[in-house]
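Coordinates in review
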Amino acid sequence: NAGVTQTPKFRVLKTGQSMTLLCAQDMNHEYMYWYRQDPGMGLRLIHYSVGEGTTAKGEVPDGYNVSRLKKQNFLLGLESAAPSQTSVYFCASSFGGGGANVLTFGAGSRLTVL
Amino acid sequence: SQQGEEDPQALSIQEGENATMNCSYKTSINNLQWYRQNSGRGLVHLILIRSNEREKHSGRLRVTLDTSKKSSSLLITASRAADTASYFCATRPDQAGTALIFGKGTTLSVSS
């Protein structure tokens, strides 16, 4: 039972390059989320999805796009990477939405933009 | 903006001591969750407390919730070196979308 798997685990980009982070879950969860974690800032929500084919903006969505073409996958794209997007990105999923639903997190993807 | 704020930001104790972390939040909630993050790893759910509960226990963990003060505390009793981690509270504010919002966390260091 893999849970939530993120790829890649590490990536270094140059400013202006694009890339996609992949999140896959095998728990048949409806909801999926992308957070970023920066020192002293905790976790901030980028985008989330409440089901296949749906996406919604979180607290810090600018510079990112997402897609949920399949229920088990949630992709996070950076169209034109900037140094401010250097961060650790976490994907999470949950069975339902709302405060009573427990999130299962991936191990994180560390992105450095030079 | 952060919904929850943990206090203290950092805490250092000896093995065997108790560790208490606090979380304050801004708007009314139905539930509050605590998560742990070991260095370099993803977050792991520890415990959920509902707004109609004052206290909840899970092993060496004790969580309290005071909705009138909009605050929660996490107590880890008889700490072990393996408890060294960052601890986050998470809430979903009423009428504020679907996703959990996390605080900035308390970093706990337990030395042997």
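Below you will find a few notes about this structure. (Residues numbered from 1 in each chain as written. Chains lettered and ligands numbered in written order. Predicted model: local features only at pLDDT ≥ 70, side-chain atom pairs only at ≥ 80, totals over all residues. Heavy atoms only, no water.)

Residue and element names in this part refer to chain A. Taken in spatial order, the four strands line up as β1-β3-β8-β7 in an open sheet, and their pairing is antiparallel. For this open sheet the edge positions go to β1 (4–7) and β7 (64–67), each flanked by a neighbour on one side alone. Averaged over all neighbouring strand pairs, the angle between strand axes comes to 20 degrees, with direction disregarded. Sheet topology places strand β3 (residues 19–25) next to strand β8 (residues 73–78); six bridges connect them, and they run antiparallel. Opposite Met19, over in β8, you have Leu78 as the bridge partner. (Pairing = 2+ DSSP bridges. Helix = DSSP H or I, 4+ residues; strand = E, 2+ residues; numbered from the N terminus. Axes fitted to C-alpha atoms, helices over the stretch in contact; angles between N-to-C directions.)

So, on to the pairing of β3 of chain A. Residues and elements named next belong to chain A. Side chains of β3 alternate between two faces, with Met19, Leu21, Cys23 and Gln25 buried and Thr20, Leu22 and Ala24 left unburied. In this structure, β1 lies alongside β3, joined through four bridges in antiparallel fashion. In the strand pairing of β3, Val4 is matched with Gln25. (Buried < 20%, exposed > 50% of the residue type's maximum accessible area, 1.4 Å probe, protein only.)

Moving on, we come to the sheet that holds strand β1 (residues 4–7) of chain B. Residue and element names in this part refer to chain B. Taken in spatial order, the five strands of this open sheet run β1-β3-β8-β7-β6, and their pairing is antiparallel. Among the strands making up the open sheet, the edge pair consists of β1 and β6 (55–58). Within this sheet the neighbouring strands show an average axis-to-axis angle of 15 degrees, counted without direction. Bridge analysis of β6 against strand β7 (residues 61–66) gives four bridges, and the strand direction is antiparallel. Bridging from a neighbouring strand, Ser58 pairs with Leu61 of β7.

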